[in-house]
Amino acid sequence: MAKTQLTDPEIAARRARVAAMRGTMSNRSIAARLGVAESTVRRDIAALDAARATLDAERATLDTARATTRASTPQRPTTQHATTQAPAAPLERRITLTVDDQLAAALRVLVDYAPGARHTSAAYRTAAHAAILTMADTIRHRARHAAAQGAPSLATAAPSGRAAAPRA
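Given the structure is predicted, the values throughout are model-derived calculations rather than measurements.

### Quick word on the overall build of the protein chain
- The helix and strand tally for the protein chain stands at six helices and zero strands.
- Helices (α) and strands (β) of the protein chain occur, in sequence order from the N terminus, as α-α-α-α-α-α.
- Evaluated residue by residue, the protein chain yields a buried proportion of 12% over its 168 residues.
- Expressed as a percentage of contacts within the protein chain between residues at least 6 apart in sequence, the contacts between residues at least 24 apart total 39%.
- For the protein chain, the exposed area adds up to about 13,900 Å²; of that, 57% sits on carbon and sulfur atoms.

Okay, here's the thing in structure tokens:
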């Protein structure tokens, strides 16, 4: 009997559930709860640890770059009439998201989907992050599939990359 291959969103969702249960349950208990093999849970934990290590390394690189920039920037003598400089743009990319009732409800659904997850702002950020990545992967997959079928992509349909509006 052939084993069904999981899609990327399913793997991401399972890994989110594994991450949520990781601190409170054993690998065997997690595997039983999710209905997967214990080796799958171990692979998911290894992938989560690898992603965390990569993120930590990127942050360390950014911290080093910030420290180097601060050390190499000459300090101006301050005077009473000195004008303040605009702060340098942060090296991290951030987005501010206004959460309305509909988006808050959707985030609660995503967090509820991960057993053992608590409703904290960190859990909501993680859920939003996973949802954005999953949606982007889905769109990329569909675009590759459409290109393989010879269908025009949205990028070639209109100069802005959006689908052209129908003409009346």
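### A look at helix H5 (residues 121–148)
- Its 28 residues place the ends of H5 40 Å apart at the C-alpha level, agreeing with the 40 Å of an ideal helix rising 1.5 Å per residue.
- Downstream of H5 by one or two residues, Gly-150 has phi in the positive range, about 85 degrees.

### Brief notes about the pattern of salt bridges
- Within this structure, the stated rule accounts for six salt bridges.
- For Arg-15, the salt bridge goes to Asp-44, with nearest N and O atoms at 3.1 Å. Of this pair, Arg-15 sits in helix H1 (residues 8–21) while Asp-44 is found in helix H3 (residues 38–72), placing the two residues 29 residues apart along the sequence.
- A residue is classified by how much of its surface remains accessible, and Arg-15, at 30% relative accessible area, is partly exposed.
- The class for Asp-44 is buried, based on a relative accessible area of 1%.
- For the salt bridge of Glu-38 with Arg-42, the shortest nitrogen-to-oxygen distance reads 3.5 Å. Linking Glu-38 with Arg-42, this pair stays in helix H3, spanning four residues, or about one helical turn.

### Regarding the environment of Val-36
- Among the structural elements, Val-36 can be located in the loop between helix H2 (27–34) and H3.
- Since its relative accessible area comes to 26%, Val-36 is described here as partly exposed.
- Distance in space between the C-alpha atoms of Val-36 and Arg-14 is 9.7 Å, their sequence separation being 22 residues.
- Each residue touching Val-36, except ones within four places of it in the same chain, is listed here: Arg-14, Ala-31 and Val-41.

### Things to note about the packing of helix H4 (residues 101–113) against H5
- Running from N to C, H4 and H5 point in directions that differ by 95 degrees, and their axes come no closer than 9 Å. Taken together, the axes of H4 and H5 lie roughly perpendicular to each other. Taking contact as the criterion, the partners of Leu-107, Arg-108, Leu-110 and Val-111 in H4 are, on H5, Ala-123, Tyr-124, Ala-127, Ala-128 and Ala-131.
- Along the lines of polarity and charge, the residues of the contact of H4 with H5 split into eight nonpolar, no polar and one charged.

### So, the side chain of Arg-14
- The topology assignment puts Arg-14 in helix H1.
- In terms of polar contacts, Arg-14 uses its side chain to reach the side chain of Asp-44, at 2.5 Å.

### With respect to the nonpolar core
- Within the largest apolar cluster, six residues are counted, these being Val-18, Met-21, Ile-30, Ala-31, Val-41 and Ile-45.
- At the level of elements, H1, H2 and H3 are the ones that each hand at least two residues to this core.
- Of all hydrophobic cores here, the second largest spans five residues; its members include Leu-107, Val-111, Ala-123 and Ala-127.

Parameters and conventions
- Residues numbered from 1 in each chain as written.
- Predicted model: local features only at pLDDT ≥ 70, side-chain atom pairs only at ≥ 80, totals over all residues.
- Heavy atoms only, no water.
- Helix = DSSP H or I, 4+ residues; strand = E, 2+ residues; numbered from the N terminus.
- Buried < 20%, exposed > 50% of the residue type's maximum accessible area, 1.4 Å probe, protein only.
- Contact = heavy atoms within 4.5 Å.
- Areas by Shrake-Rupley, 256 points an atom, 1.4 Å probe, with all protein chains shown as cover.
- Expected span 1.5 Å × (residues − 1).
- Salt bridge = Lys/Arg side-chain N within 4 Å of Asp/Glu carboxyl O.
- Axes fitted to C-alpha atoms, helices over the stretch in contact; angles between N-to-C directions.
- Parallel < 35°, antiparallel > 145°, perpendicular 65-115°, else oblique.
- Nonpolar A, V, L, I, M, F, W, Y, C, P; charged D, E, K, R; others polar.
- Polar contact = N/O pair within 3.5 Å; in protein donor to acceptor, adjacent residues only side chain to side chain.
- Core = buried A, V, L, I, M, F, W, Y, C linked by side-chain atoms within 4.5 Å.

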